[in-house]
Amino acid sequence: MKRQKKLDLEVRAIGKPSIEALSESEQKVFYETLLKRIQELAAEDDKKKAEFDNGENDNK
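Please read these numbers as outputs of a predicted model, since none were measured by experiment. (Residues numbered from 1 in each chain as written. Predicted model: local features only at pLDDT ≥ 70, side-chain atom pairs only at ≥ 80, totals over all residues. Heavy atoms only, no water.)

**Thoughts on the packing of aromatic side chains**
Using the criterion set out here, one finds one aromatic pair in the structure. A ring pair is formed by F30 and Y31, whose centres lie 5.4 Å apart and whose planes are at 70°; its orientation type is edge-to-face. The exposure class of F30 is partly exposed, given its relative accessible area of 35%. (Phe/Tyr/Trp six-rings, centres within 6.5 Å; stacked < 30°, edge-to-face > 60°. Buried < 20%, exposed > 50% of the residue type's maximum accessible area, 1.4 Å probe, protein only.)

**Topic: the environment of Q27**
Note that Q27 resides in helix α1 (residues 24–58). Taking the relative accessible area as the measure of exposure, Q27 reaches 22% and is therefore partly exposed. Sequence separation between Q27 and D53 is 26 residues; the distance between their C-alpha atoms is 39 Å. Excluding residues that lie within four positions of it along the chain, Q27 makes contacts with I19, E20 and L22. For Q27, the side chain forms a polar contact with the main-chain oxygen of L22, separated by 3.1 Å. (Helix = DSSP H or I, 4+ residues; strand = E, 2+ residues; numbered from the N terminus. Contact = heavy atoms within 4.5 Å. Polar contact = N/O pair within 3.5 Å; in protein donor to acceptor, adjacent residues only side chain to side chain.)

Dropping the structure here:
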């Protein structure tokens, strides 16, 4: 697994963010990226739960 470097970033938003302000293609990319990340996090969570369950079952 690739190790990420720690970065301290400061983000300043001017105005109110609006997904509707994006073009249709930009919205599609935004939602696809968001969905992919949600799926990755769910898979990581499932993997951790499976590892925990397997470790718990080994101690019985």
